[in-house]
Amino acid sequence: MCGLPRSLLLAICAAGLAVAAEPALTDLRVGIEVRPQPFRYELRDGQDVRSGQDAWVRATAVTAGGRWGLGWAASPHAVILGGDLLASDERTGDGRRRGWWLRAALGYGYGLHPRLALVGEAGLAAGRLDQDLGGAGVARFAIDGWGTEASLSARLRWRVLRPLALDGGVGWLRGRDRLSGSGLALDTDRSGLLWTLAAAWIIDPSPHPLER
């Protein structure tokens, strides 16, 4: 139809299939995240209510978790299920917030090459937070509570060795937190870019067998 010989069209299709490859996406992983710094807040102290915008000086997290790739033999497509434990650390000039999070993840992977895969992922997380608000002079205000997060990310995964892969990517995170204590109540709303870098130990690097 396009004036191309049938043999050339078959060669193009074959080349595309040769480049795409079944990705090995079942692994244990550890990583780091650089999380959004800006946030909006509402601080209540009795009848006094203050609100505004601020930003963390630093917002990071260390992650550990696993992924399970569900695909078909010789197919470059895979559905990914997973979960992570996160330890977050966010700091202002004289205050600090630390959190422990559990995150569930659902994603899709496509094998671009035997050593390269593109992964898109959505995550939902809930966590326990403790925050030191700092204060004037020697006064310190400690509050704690819970937070929730939702995230979307895209990552490029490079299989360095047969059982080892590295992946890095960028995404968007939105979080809401509610903390209280010391006669105070603090609500925060966070959103912004999320940067990720992880190392993965591939549990099963072998492709699925064509025959059962």
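Residues numbered from 1 in each chain as written. Predicted model: local features only at pLDDT ≥ 70, side-chain atom pairs only at ≥ 80, totals over all residues. Heavy atoms only, no water.

Trainee: Can you tell me about the overall build of the protein, naming the residues and giving the values?
Mentor: Looking only at helices and strands, one finds one helix and ten strands in the protein. Going residue by residue from the N terminus, the α and β elements of the protein occur as α-β-β-β-β-β-β-β-β-β-β. The buried share of the protein, reckoned over its 212 residues, is 38%. Contacts spanning at least 24 positions in sequence make up 63% of the contacts within the protein whose residues lie at least 6 apart. (Helix = DSSP H or I, 4+ residues; strand = E, 2+ residues; numbered from the N terminus. Buried < 20%, exposed > 50% of the residue type's maximum accessible area, 1.4 Å probe, protein only. Contact = heavy atoms within 4.5 Å.)

Trainee: Requested: an account of the packing of aromatic side chains, with residues and values cited.
Mentor: The way to describe two aromatic rings as a pair is by their centre distance and the angle between their planes. Under the criterion given, the structure shown has two aromatic pairs. Summarising the aromatic geometry, the rings of Phe-39 and Trp-56 are spaced 4.7 Å apart at their centres and angled 35° between planes, so their arrangement reads as tilted. With Phe-39 in strand E2 (residues 38–45) and Trp-56 in the loop between strand E3 (48–55) and strand E4 (58–71), the pair connects residues that are 17 residues apart, well separated along the chain. As far as the burial class goes, Phe-39 and Trp-56 line up, both buried. Members of the aromatic cluster, each reached through a chain of ring pairs, are Phe-39, Tyr-41 and Trp-56. A cation over an aromatic ring shows up here: Arg-35 above the ring of Trp-101, its NZ or CZ 5.8 Å from the ring centre. (Phe/Tyr/Trp six-rings, centres within 6.5 Å; stacked < 30°, edge-to-face > 60°. Lys NZ or Arg CZ within 6 Å of the ring centre and 35° of its normal.)

Trainee: Please set out the environment of Glu-121 residue by residue, giving values where relevant.
Mentor: Relative to the helices and strands, Glu-121 is located in strand E7 (residues 116–132). Owing to a relative accessible area of 9%, Glu-121 belongs among the buried residues under this scheme. With 32 residues separating them along the chain, Glu-121 and Ser-153 place their C-alpha atoms 5.4 Å apart. When sequence neighbours within four positions are dropped, the list of residues in contact with Glu-121 reads Arg-67, Ala-105, Leu-106, Gly-107, Ser-151, Leu-152, Ser-153 and Arg-155. A polar contact of 2.9 Å, which involves the side chain of Glu-121, links it to the side chain of Arg-67. Polar side-chain contacts of Glu-121 include one of 3.4 Å to the side chain of Arg-155. (Polar contact = N/O pair within 3.5 Å; in protein donor to acceptor, adjacent residues only side chain to side chain.)

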